[in-house]
Amino acid sequence: MPDPRKFLSIIFLNFLLIASIFAEQRNALLIANSNYKNFRNLSTPIQEAHELKKTLEQLDFAVTILEDSSLEEMSVAIDRFGTTLKKQGGIGFFHYGGHAVQVNGKNYLIPADADIPNKKKVEFRAYCVDELMPEMCADTNIIILDSCRNNPLPSSSRSATRGLGLVTNRPKNSIIIYSAEPGNVATDGVFTPVLTKRLTEKKELLAILRDVRREVLKLTDNEQKPGEYSELETEVYLAGYDNKSLQPTVEDYIKLGNEAYDKQNYSEAFSYYQNATNITSPIAQQNLGYMYYYGCGVAQDFKKAFKWFEKSAKQGHFNAQFNLGNMYCRGEGINKSYEKAKYWFEKASEQGYCCAQFNLGCMYYNGDGVEKNYEKAFEFYQKAAEQDYAPAQCELGTLYYYGEGINQNFTKAKYWFEKAAEQGYCAAQYNLGTMYEYGHGVKQDIEKAKEFYEKAAKQDFDLAIKKLNELKIEKSEPNTPYILIY
């Protein structure tokens, strides 16, 4: 039988992904701690978080709430939130309600179960706000700290500082909003309800915050003054705006283009994206490249697609960098060059883009423009697989199966094939069928093998269909087993 790996199909040459750029992603994490084991309970944070959640969902946010959480739970949730923002971009919205404290110029959010007898223990038993900042890596980041209350630590261990301190390490294109100005304290149950009520107003965010500040001052007899520190580079309209005479921004053009594209009004979408590119928007440039590549609303033109992808890629847009790499691989609109393809895949991979990481793995596995290197292939496949990218999970399983770039391990091969198969990836379903048919790393089970072959066959996977036909015929000698690299 010929080497089964000759069945390899270079997937990374066969697709140009638009990913999620045709819809602005909005993600929110709300942490609310009310019921403390060792500090005064707070009656409002959880209730306020649920009201805020309803409002944010009206504004198309995907919202996660964490209630009365431990330090570990807070850390895990924030880490997952950061991973989501890195992958999806868009708007990241973080809100904390609960006790917090400032110690030695740093702010700490206090978990519900924290036991902090003195300020020396704060660093180890509370969540440092400085650790949150790198996780806020969306295109636009909104961070709200409704925690500027009196220092909750025992009086014998308090410093003279009241409220929270100024966060100096702020994320790019971000705004940090305090329920009370740094160094002052907030009244429970005032700031977040006022903010929640006003977030649906069709005004720019900074205008909303000015109105919130005036209302909070009025409700507290000028005792509580909210503050914000903005690094925003663009205007933010969470609910849009009413003023039709207002000059549309890049975000407006892209939103209108997205809406037209979703309705398959491609010519109209093309026009909106073109307006946005006049303001040098990398997202709009990427979208125009996509439309030229596939001929959506305009004549298909690889050279023009390449031009727009390149403009966007040079501004750092990961999807355009990925698409540019694909065009260099295929020689579409430009002379074929694996070297340049690798350069752009690496740029996108450095931003954590799983498809680019997968393509680099394929290049190293096949020796396309680079010296074959199974260890490097394993490295890149693993990065993409850990982001639940099914093709990479399947390839990682294959490397474990054959012991290429890593010690042979049928158990780990099965693990990764299962991860990909659960996502409906037919090559992985086929590979699991092969493992069960021949008892590699599992107890031999022909019925189980048929089950996985059938799943792949239902997706018109030819090799699985062939296998099902073969299993109906009793043979004196079994076929040589192999795992498909797809």
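Residues numbered from 1 in each chain as written. Predicted model: local features only at pLDDT ≥ 70, side-chain atom pairs only at ≥ 80, totals over all residues. Heavy atoms only, no water.

**Quick notes on the packing of aromatic side chains**
Per the counting criterion, the structure on display carries 25 aromatic pairs. Pairing Tyr-36 with Phe-39 gives two aromatic rings, centres 6.2 Å apart and planes at 80°, and the pair type is edge-to-face. Aromatic side chains Tyr-364 and Phe-380 sit 5.9 Å apart centroid to centroid with 5° between the ring planes, which places their arrangement in the stacked category. You can see Tyr-364 sitting in helix H13 (residues 354–366) and its partner Phe-380 sitting in helix H14 (residues 374–385), a full 16 residues away along the chain. For Phe-380, a relative accessible area of 8% gives the class buried. By way of ring pairs, the aromatic residues Tyr-261, Tyr-266, Tyr-290, Tyr-293, Tyr-294 and Phe-302 are connected into one cluster. For Lys-311, the ring lying beneath its charged end belongs to Trp-308, and the centroid distance is 5.8 Å. (Phe/Tyr/Trp six-rings, centres within 6.5 Å; stacked < 30°, edge-to-face > 60°. Helix = DSSP H or I, 4+ residues; strand = E, 2+ residues; numbered from the N terminus. Buried < 20%, exposed > 50% of the residue type's maximum accessible area, 1.4 Å probe, protein only. Lys NZ or Arg CZ within 6 Å of the ring centre and 35° of its normal.)

**Side note on the environment of Asp-146**
Looking at the element boundaries, Asp-146 is found in strand E7 (residues 140–146). Under the relative-accessibility criterion, Asp-146 is labelled buried at 2%. Sequence separation of Asp-146 and Asp-188 is 42 residues, and the distance between their C-alpha atoms is 8.8 Å. For Asp-146, the contacting residues outside a window of four places in its chain are Glu-48, His-95, Tyr-96, Gly-97, Gly-98, Ser-179, Phe-191 and Thr-192. At 3.0 Å, the side chain of Asp-146 and the side chain of Ser-179 are in polar contact. (Contact = heavy atoms within 4.5 Å. Polar contact = N/O pair within 3.5 Å; in protein donor to acceptor, adjacent residues only side chain to side chain.)

**Things to note about the packing of helix H5 (residues 191–198) against helix H6 (residues 205–219)**
Between H5 and H6, the shortest axis-to-axis distance is 10 Å and the interhelical angle comes to 140°. By the criterion of interaxial angle, the relationship of H5 to H6 is oblique. The element H5 and its partner H6 pack so that their crossing is right-handed. Where H5 approaches H6, its residues Phe-191, Val-194, Leu-195, Lys-197 and Arg-198 are matched on the opposing element by Ile-208, Leu-209, Asp-211, Val-212, Glu-215, Val-216 and Leu-219. Across the contact of H5 with H6, the residue classes break down as 8 nonpolar, no polar and 4 charged. (Axes fitted to C-alpha atoms, helices over the stretch in contact; angles between N-to-C directions. Parallel < 35°, antiparallel > 145°, perpendicular 65-115°, else oblique. Left-handed = near helix turned anticlockwise from the far one by under 90°. Nonpolar A, V, L, I, M, F, W, Y, C, P; charged D, E, K, R; others polar.)

The values are spatial; any link to function lies outside them.
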